[in-house]
Amino acid sequence: MSDLKTVEVNFDGLIGPSHNYGGMSAGNLASAANSGDISNPREGALQGLEKMRHLLRAGFTQGVLLPLPRPNFDLLVAAGFSGSDGEILAAAAKQAPRLLRAAYSASSMWAANAATISPSADTSDGRLHLTAANLSTMLHRSFEHPDMVANLIAVFGEPDKFAVHAALPMHSDFADEGAANHVRLCSEHGASGVELFVYGRNSQQAATNFPARQTRLAGESIARSHGVDASRTVFAQQSKAAIEAGAFHNDVVCVGTLNTLFFHELAFENTEEILTDIRRAASGLFDLKPVMVAQAEVPIEDAIGSYLFNSQLLQWPGEDRLVLLAPLETQETESTRAYCERLVAGNGPIGRVEYIDVRQSMRNGGGPACLRLRVVMTPDEVASCHPDSLLDERRIDALQAVVKRMYRDQLSSADLADVDFANECRAAREALLDVLHLSELA
Ligand code: SUG
């Protein structure tokens, strides 16, 4: 029996005080285009908090994941730097500036890459399973997972209800980028669903021009360890054309929720076969509603430039049809704005589009969908997770006050060498942890 009160909780990654444009992600066109620019961590974090507030006010249950400790001194020490913090930073700035930018990366803000989630309705042991993503393809993301596991255990600590799995082995055969390459479809959130694991390459296939960051083996491994019914699981290959056009994660060209899959014509290698597989896996559960956007209507370059698909597709309280929460860039791109107008004028499953400002994150290739990790939770699970990680207006106000007081509004790569800035980052994170009573993570 499905449970009507099971909800999809969005846990947004809060943008950290060291948010910078490091040019770290090959194949992510925004990261390359804005490399070296001055960033504004304060504005970024405030934009993220306003998105969370917007959804909270609309009636959603909204969670948050706080930034990880940066700079990561362990990385710099592993690279042979030694001495005081100040000495390490100064030497790294001179000898290995790219490594220093990696050590400071605030990339855990993109919570869609934190983990892959299987809700308890889909798993053999009836627990909610979370596997931290190894993010092994990009250096600056590859060391997120140990701290992320600690974070996830702090939030989902009750072992009878939640199973937090460590990341898959750190090898390119197991390359895994988490929920960004995973879609769950169902009739309603509490019912058992179909899990779509999207991959860019088979494990032994070499990366092409732009790296395919997810292997099929990674998805298969996660599906096995979560205990997802094989007949309700689909593996789908991302198209090479999409990766080469800059879709470094599937969620740049596809988003799905409930029975609706919204995707670009060039998203998958073999669209017809994938739709057939999903329909077969969904038999007896729901009727799939595919919404495919034709290349002739929205060229893939516009889809990627505007992040049309990197939107949150939401069952908005009180509305019959789904709502697409898209970045402002989608409104500012002629083809995608016009497409959205036609979309809502039609009688398909998406009835409204809202635009939201997350520009600081967008300039590093992260739209509204990248910033959140979706966790479908029963009322019991909501009651069992760390309560302060679920937001109310007061907690948002308190986080906002820390950001306003302790985050810089201008950050350049030269600032990363300054030990005062490293200390500021530590202090800001501790103040954020304090607000949510998570000081054990300090
Ligand atoms: O992994 N950008 C992130 C963006 C992640 C977007 N997430 C999803 N699509 N779900 C990435 O490429 C850029 C950081 C820099 O260049 O400083 C960066 O890591």
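Look up: the structure comes first, before these words.
Presented here is an overview of the structure given in this document.

Parameters at a glance
- Residues numbered from 1 in each chain as written.
- Predicted model: local features only at pLDDT ≥ 70, side-chain atom pairs only at ≥ 80, totals over all residues.
- Heavy atoms only, no water.
- Helix = DSSP H or I, 4+ residues; strand = E, 2+ residues; numbered from the N terminus.
- Rg over C-alpha atoms; globule rule 2.2 N^0.38 Å.
- Buried < 20%, exposed > 50% of the residue type's maximum accessible area, 1.4 Å probe, protein only.
- Contact = heavy atoms within 4.5 Å.
- Areas by Shrake-Rupley, 256 points an atom, 1.4 Å probe, with all protein chains shown as cover.
- Near = heavy atom within 4 Å.
- Polar contact = N/O pair within 3.5 Å; in protein donor to acceptor, adjacent residues only side chain to side chain.
- Nonpolar A, V, L, I, M, F, W, Y, C, P; charged D, E, K, R; others polar.
- Expected span 1.5 Å × (residues − 1).
- Pairing = 2+ DSSP bridges.
- Axes fitted to C-alpha atoms, helices over the stretch in contact; angles between N-to-C directions.
- Phe/Tyr/Trp six-rings, centres within 6.5 Å; stacked < 30°, edge-to-face > 60°.
- Lys NZ or Arg CZ within 6 Å of the ring centre and 35° of its normal.
- Parallel < 35°, antiparallel > 145°, perpendicular 65-115°, else oblique.
- Disulfide = S-S within 2.5 Å.

### Examining the overall build of the protein
Within the protein one finds 17 helices and 15 strands. Here the C-alpha radius of gyration of the protein, 20 Å, is about what a compact globule of 442 residues would show, namely 22 Å. Evaluated residue by residue, the protein yields a buried proportion of 60% over its 442 residues. The long-range fraction of contacts in the protein, counting pairs at least 24 apart against all pairs at least 6 apart in sequence, stands at 78%. Only carbon and sulfur atoms are counted for the fraction: they give 50% of the accessible area of the protein, which is about 16,100 Å².

### Some words on the environment of leucine 411
In this fold, leucine 411 is placed in the loop between helix H16 (393–406) and helix H17 (419–435). For leucine 411, a relative accessible area of 0% corresponds to the buried category. Each C-alpha atom of the pair leucine 411 and glutamate 393 lies 28 Å from the other, and the pair is 18 residues apart in sequence.

### A few points about the site of the ligand
If you check the shell around the ligand, you find 20 residues, and the closest are Met24, Ser25, His140, Asp251 and Cys370. A distance of 2.9 Å separates a nitrogen atom of the ligand from a polar side-chain atom of histidine 249. Relative to its free-state accessible area of 490 Å², the ligand is covered by the protein chains to the extent of 99%. Residues of the shell around the ligand, tallied by class, amount to 6 nonpolar, 11 polar and 3 charged.

### Examining helix H5 (residues 97–104)
Within H5, the full set of buried residues consists of Leu99, Leu100, Ala102, Ala103 and Tyr104. Contact partners of the buried residues in H5: helix H3 (73–78), helix H4 (85–95), helix H6 (139–142) and H17.

### What to know about H17
Between the first and last C-alpha of H17 there are 25 Å, a value that for 17 residues agrees with the 24 Å anticipated at 1.5 Å per step. Within H17 the residues assigned to the buried category are Phe421, Ala422, Cys425, Ala428, Arg429, Ala431, Leu432, Leu433 and Val435. Looking at the buried side of H17, the elements it contacts are H4, H5 and H16. A distance of 2.9 Å separates the backbone nitrogen of aspartate 420 from a side-chain oxygen at the start of H17, and that oxygen is part of aspartate 418. Note on H17: the residue one or two positions beyond its end, histidine 437, has a positive phi of about 55°.

### As for the side chain of glutamine 62
Of note, glutamine 62 is situated in strand E2 (residues 62–65). A relative accessible area of 1% places glutamine 62 in the buried class. Separated by 2.9 Å, the side chain of glutamine 62 and the backbone oxygen of asparagine 10 make a polar contact. Discounting residues that sit within four places of it in the chain, glutamine 62 has contacts with Val9, Asn10, Phe11, Asp12, Met52, Leu55, Leu56, Ser389, Leu390 and Leu391.

### Points about the sheet that holds E2
Reading across the sheet, the 3 strands line up as E2-E1-E15 and stay open at both edges, with mixed pairing between neighbours. Of all strands in the sheet, those bounded by a partner on one side alone are E2 and strand E15 (372–377). Between one strand and the next, the sheet's axes are offset by a mean angle of 30°, whatever the strand orientation. Judged from the 4 bridges that link them, strand E1 (residues 7–13) and E2 form a sheet pairing that is parallel.

### What to know about the packing of aromatic side chains
Think of a pair of aromatic rings as described by two things: how far the centres are apart, and how the planes are tilted against each other in angle. In total, this model carries 8 aromatic pairs according to the counting rule given. Relative to phenylalanine 156, the ring of phenylalanine 11 has its centre 5.3 Å away and its plane inclined at 65°; by these criteria the two rings are edge-to-face. Of this pair, phenylalanine 11 sits in strand E1 while phenylalanine 156 sits in the loop between helix H7 (145–155) and strand E5 (162–165); the two residues are 145 residues apart in sequence, bridging distant segments of the chain. Take phenylalanine 11 and phenylalanine 156: they sit in the same class, and that class is buried. Aromatic pair phenylalanine 197 and phenylalanine 235: ring centres 5.6 Å apart, planes at 25°, arrangement stacked. Within this pair, whereas phenylalanine 197 is found in strand E7 (residues 194–199), its partner phenylalanine 235 is found in strand E8 (residues 233–237), the two being separated by 38 residues in sequence. Looking at phenylalanine 197, the relative accessible area reads 5%, which means it is buried. Positioned over the ring face of tryptophan 316 is arginine 352, at 5.1 Å from the centre of the ring. Across from the ring centre of tyrosine 21, 5.0 Å away, lies the NZ or CZ of arginine 363, which sits over that ring.

### Points about the pairing of strand E11 (residues 289–293)
Inspection of the sheet shows strand E10 (residues 260–264) paired to E11 by 5 bridges, in the parallel sense. Looking at E11, one finds that phenylalanine 262 is bridged to valine 291.

### What about the packing of helix H2 (residues 41–58) against H16?
Running from N to C, H2 and H16 point in directions that differ by 175°, and their axes come no closer than 10 Å. Classified by the interaxial angle, the pair formed by H2 and H16 is roughly antiparallel. Residues Arg42, Ala45, Leu46, Leu49, Glu50, Met52, Arg53, Leu56 and Arg57 of H2 touch H16, and the partners they reach there are Glu393, Ile396, Asp397, Leu399, Gln400, Val403 and Lys404. Class assignment for the residues of the contact of H2 with H16 results in 8 nonpolar, 1 polar and 7 charged.

### A few points about the sheet that holds strand E9 (residues 254–257)
Across the sheet, 3 strands lie side by side as E9-E10-E11; this open sheet has mixed pairing. Here the strands that pair on one side only, and so sit at the sheet edges, are E9 and E11. Strand after strand, the sheet turns through a mean of 10° between neighbouring axes, direction not considered. Across the sheet, helix H10 (residues 271–281) touches E10 and E11, and the angle it forms with E10 is around 170°.

### Thoughts on the state of the cysteines
A complete count under the given rule lists 0 disulfides for this structure. Cysteine 254 provides the cysteine sulfur closest to cysteine 186, a residue in no disulfide bond, and the two sulfurs are 14 Å apart. Accessibility expressed as a relative area gives 2% for cysteine 186, which makes it buried.

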